[in-house]
Amino acid sequence: MPAFPDVQKIRYEGPRSKNLLAFRHYNADEVVEGKTMRDHLRFSVVYWHTFRGAGADPFGPGCAVRPWKLSDGTVGDAIERAGMAFEFIEKLGAPYYAFHDRDVAPEGANLAESNKNLDAVAKVLKEHQDRTGIKLLWGTANLFSNPRYVHGAATSCNADVFAFAAAQVKKALEVTKELGGEGYTFWGGREGYQNLYNTDMKRELDHLAKFLHMAVDYAKEIGFTGQFYIEPKPKEPTKHQYDSDAAACINFLRAYGLEKHLKLNLETNHATLAGHSMMHEMETAGSQGYLGSIDANTGDELLGWDTDQFPTNLYLTTQCMLSLMKYGGFKTGGVNFDAKVRRESFEPVDLFHAHIGGMDAFAAGLKIAAAIRAEGELAKFVQDRYRSWDTGIGAEIESGKQSFKSLEAYMLKQGEAAACTSGRQEMLENLVNRYLY
Ligand code: XLS
Ligand code: NI
Ligand code: NI
């Protein structure tokens, strides 16, 4: 039985369309800068919010109406839900999806049972993938919901919990490989602290690194060649998450010899929780060669927690696409909608409206960014701003031909630095606006 009998395949109808169940900007086959929109954006639907989220908040349970069972239920329920999930993704026309082990299959009474459940559902997922051509962007393991993870997983004070988490990730890696997953993400669910009086931070960080090394080793052993990602987030659920932002993650990876094995999966709402813009996080990662994938969503500026809303802001998507294209686009990652509909949007069709809006906002962002890049004014301004480094003293500093001593001699002769020019922030903001309307 179809889950969405009233919704047909979502089509591109162009910017003038008034059909709210059609794309106005996302035209999968349209070529932008020599690549189709499909290949630029690599949209992905998340299993957790979209097929398991009921809309609960701290004041009450969720009230989402879904054609599938939202609670864990049996393996049979999970298999039925998988069919409906693929119906949704196929009608939406997203080429990818992503999941945690426990999103797709119910946890059993013990590890062996949980693994068996996962295998049974993975078999069905594989069939749906083969039938529809929808691919797995990345897999991951839920190392934060079960009470055993109360003090974290890889950073738990309890070594047995570390061992359980390792076994769970081992299995999740095998399943991800089996399903042809193009990546595997580590989000440090409860890897952080609530209170430093009871925390040995150094030991916890050492353990986290050990855990990631074990994952890398095991991937090699089984021939899983997908990209590993670490997903920065500064807080929630813990007061301080160790993977707090892009810069902290890159430092951690380099400090523990993991820099060749992981890239970052950046999320907009996590960036804002860290006091950064998404563009800041993308520039931080991109400039250091760590830009892997993005979890597309947005927060609410009046609420201030990880509300994971669908992105509709064209400034945000334009900035994301400008940064992404500057660093050469996705190699393995994609635009993954780690986003959920509001508790009040409880009808099944709201899932379509939410994803259509997010996809259209990113497609428009892509076109706007491409237009800005084609004109080249912004890039030229930046190039010009640094022109003192292209020749003369600047070029000599960059190429290592100068020292403090020689620079003192140079300045003693000059007497004063050449005059600075305006940063022209307002002019550039106006320039960007020109492409938006
Ligand atoms: C939570 C994270 C999570 C990861 C996957 O805030 O965004 O959903 O993306 O574990
Ligand atoms: Ni995320
Ligand atoms: Ni989040």
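Computed from a predicted model, the values in this text were never measured in an experiment.

Rules used throughout
Residues numbered from 1 in each chain as written. Chains lettered and ligands numbered in written order. Predicted model: local features only at pLDDT ≥ 70, side-chain atom pairs only at ≥ 80, totals over all residues. Heavy atoms only, no water. Helix = DSSP H or I, 4+ residues; strand = E, 2+ residues; numbered from the N terminus. Rg over C-alpha atoms; globule rule 2.2 N^0.38 Å. Buried < 20%, exposed > 50% of the residue type's maximum accessible area, 1.4 Å probe, protein only. Contact = heavy atoms within 4.5 Å. Areas by Shrake-Rupley, 256 points an atom, 1.4 Å probe, with all protein chains shown as cover. Lys, Arg positive; Asp, Glu negative; His and termini not counted. Charge placed at Lys NZ, Arg CZ, Asp CG, Glu CD. Donors = N, O, S within 2.8 Å, 3.2 Å for Na, K, Ca; no water. Tetrahedral: all angles 85-135°; square planar, octahedral: opposite > 155°, others 65-115°. Salt bridge = Lys/Arg side-chain N within 4 Å of Asp/Glu carboxyl O. Near = heavy atom within 4 Å. Polar contact = N/O pair within 3.5 Å; in protein donor to acceptor, adjacent residues only side chain to side chain. Nonpolar A, V, L, I, M, F, W, Y, C, P; charged D, E, K, R; others polar. Axes fitted to C-alpha atoms, helices over the stretch in contact; angles between N-to-C directions. Parallel < 35°, antiparallel > 145°, perpendicular 65-115°, else oblique. Left-handed = near helix turned anticlockwise from the far one by under 90°. Pairing = 2+ DSSP bridges. Phe/Tyr/Trp six-rings, centres within 6.5 Å; stacked < 30°, edge-to-face > 60°. Patch = residues over 30% accessible without salt bridge, like charges linked within 9 Å, V, L, I, M, F, W, Y side chains within 5 Å. Core = buried A, V, L, I, M, F, W, Y, C linked by side-chain atoms within 4.5 Å.

With respect to the overall build of the protein
Then, in step 1: Helix and strand counts for the protein stand at 16 helices and 12 strands.
Then, in step 2: For 437 residues, the compact-globule estimate of 2.2 N^0.38 gives 22 Å, and the C-alpha radius of gyration of the protein, at 24 Å, lies within 12% of that figure.
Then, in step 3: When the backbone C-alpha atoms are referred to their principal axes, the protein occupies close to 80 × 60 × 45 Å.
Then, in step 4: Within the protein, the fraction of its 437 residues that count as buried is 49%.
Then, in step 5: The contacts of the protein with a sequence gap of at least 6 include a subset with a gap of at least 24, amounting to 76%.
Then, in step 6: Only carbon and sulfur atoms are counted for the fraction: they give 54% of the accessible area of the protein, which is about 21,400 Å².
Then, in step 7: Positive and negative side-chain charges of the protein, numbering 49 and 57 respectively, have mean locations separated by a distance of 3 Å.

Brief notes about the coordination of the nickel ion (ligand 3)
Then, in step 1: Only Glu267 (OE), His270 (NE2) and Asp306 (OD) from the protein coordinate the nickel ion (ligand 3), and they sit 2.1 to 2.4 Å from it.
Then, in step 2: Angles of 77 to 143° at the metal separate the 4 donor atoms of the nickel ion (ligand 3), which places the site in the irregular class.
Then, in step 3: Considered as a linear motif, the donors of the nickel ion (ligand 3) on their single chain read E-x2-H-x35-D.
Then, in step 4: A distance of 4.4 Å spans the gap from the nickel ion (ligand 3) to the nickel ion (ligand 2), which glutamate 267 bridges by coordinating each metal. Linking glutamate 267 in strand S10 (residues 262–267) with aspartate 306 in the loop between strand S11 (291–295) and helix H11 (314–326), this pair joins segments that are 39 residues apart in sequence.
Then, in step 5: Under the relative-accessibility criterion, glutamate 267 is labelled buried at 2%.
Then, in step 6: On the accessibility criterion, aspartate 306 (8% relative accessible area) is buried.

Brief notes about the coordination of the nickel ion (ligand 2)
Then, in step 1: The protein atoms that coordinate the nickel ion (ligand 2) are Glu231 (OE), Glu267 (OE), Asp295 (OD) and Asp338 (OD), at distances spanning 2.0 to 2.1 Å.
Then, in step 2: One way to put it: the 6 donor atoms around the nickel ion (ligand 2) meet at angles of 80 to 176°, and that makes the site octahedral.
Then, in step 3: Here the donor residues of the nickel ion (ligand 2) share one chain and are spaced in sequence as E-x35-E-x27-D-x42-D.
Then, in step 4: Exposure remark for aspartate 338: the relative accessible area of 6% places this residue in the buried category.

Let's talk about the pattern of salt bridges
Then, in step 1: By the definition in use, this model includes 20 salt bridges.
Then, in step 2: Between glutamate 87 and lysine 91 there is a salt bridge, with its nearest N and O atoms 3.0 Å apart. Here glutamate 87 and its partner lysine 91 are both found in helix H3 (residues 75–92), 4 residues apart, which amounts to about one turn of the helix. When sorted by exposure, glutamate 87 lands in the same class as lysine 91, which is buried.
Then, in step 3: The shortest N-O distance in the salt bridge between glutamate 107 and arginine 102 comes to 3.7 Å.
Then, in step 4: Judged by relative accessible area, which is 26%, glutamate 107 ranks as partly exposed.
Then, in step 5: Salt bridges sharing partners connect three or more residues here, namely Asp101, Arg102, Glu107 and Arg148.

Description of the site of ligand 1
Then, in step 1: As a matter of local geometry, ligand 1 sits amid Trp48, His100, Trp138, Trp187, Glu231, Lys233, Glu267, His270, Asp295, Asp306 and Asp338.
Then, in step 2: At 2.8 Å from an oxygen atom of ligand 1 is found a side-chain nitrogen or oxygen belonging to lysine 233.
Then, in step 3: Glutamate 267 has a polar side-chain atom sitting 2.7 Å from an oxygen atom of ligand 1.
Then, in step 4: Alone, ligand 1 offers 290 Å² of accessible surface; in the complex the protein occludes 93% of this.
Then, in step 5: Class assignment of the residues belonging to the shell around ligand 1 gives a composition of 3 nonpolar, 2 polar and 6 charged.

Considering the packing of helix H5 (residues 111–132) against helix H6 (residues 159–178)
Think of two packed helices as two axes; the pair is described by the angle between the axes and how far apart they sit.
Then, in step 1: Two numbers describe how H5 lies on H6: the axes approach to 10 Å, and their chain directions differ by 15°. When the interaxial angle is binned, H5 and H6 end up roughly parallel. Here H5 and H6 pass one another in a crossing that is right-handed. Within the contact between the two elements, H5 uses Leu111, Asn115, Leu118, Asp119, Ala122 and Lys126 and H6 uses Phe164, Ala167, Lys171, Val175 and Glu178.

Observations regarding the pairing of strand S6 (residues 183–187)
Then, in step 1: With 4 of 5 residues buried, S6 is to be regarded as a mostly interior element.
Then, in step 2: Of the strand pairs in this sheet, S6 and strand S8 (residues 227–231) are connected by 5 bridges, and their pairing is parallel. When the sheet's bridge partners are listed, glycine 183 is paired in S8 with glutamine 227.

Some thoughts on the packing of aromatic side chains
Then, in step 1: All chains considered together, the criterion is met by 23 aromatic pairs.
Then, in step 2: With 5.2 Å between their ring centres and 90° between their planes, phenylalanine 162 and phenylalanine 211 make a pair best called edge-to-face. Of this pair, phenylalanine 162 sits in helix H6 while phenylalanine 211 sits in helix H7 (residues 201–222), and the two are 49 residues apart along the sequence. We note that phenylalanine 162, like phenylalanine 211, is buried.
Then, in step 3: Of the aromatic side chains, those joined through ring pairs into one cluster are Phe4, Tyr47, Phe51, Trp68, Phe86, Phe88, Tyr97, Phe99 and Phe352.

Quick look at a nonpolar patch on the surface
Then, in step 1: Residues Val382, Tyr386, Trp389 and Ile397 make up a contiguous nonpolar surface patch of roughly 350 Å² in combined accessible area.
Then, in step 2: Locating tryptophan 389 in the fold gives a position in the loop between helix H13 (377–385) and helix H14 (392–398).
Then, in step 3: Since its relative accessible area comes to 35%, tryptophan 389 is described here as partly exposed.

A few points about the nonpolar core
Then, in step 1: In this structure, Leu41, Tyr97, Leu125, Phe228, Leu264 and Phe362 are the most contacted members of the largest nonpolar core, which totals 112 residues.
Then, in step 2: If you tally residues by element for this core, the top one is helix H12 (residues 349–375), at 12 residues.
Then, in step 3: Not counting chain neighbours up to four residues away, the residues in contact with phenylalanine 362 comprise Leu41, Phe43, Ile294, Ala296, Pro311, Thr317, Cys320, Met321, Val335 and Phe337.

Digging into the packing of H6 against H7
Then, in step 1: Where H6 meets H7, the axes come as close as 10 Å, and the angle between the chain directions of the two elements is 35°. Note that H6 runs across H7; the crossing there is right-handed. Here H6 contributes Phe162, Ala165, Ala166, Val169, Lys170, Leu173, Glu174 and Lys177 to the contact with H7, which in turn contributes His207, Phe211, Met214, Ala215, Tyr218 and Ile222.
Then, in step 2: Grouping the constituent residues of the contact of H6 with H7 by class yields 10 nonpolar, 1 polar and 3 charged.

Note that all results are geometric; they support no functional claim without further evidence.
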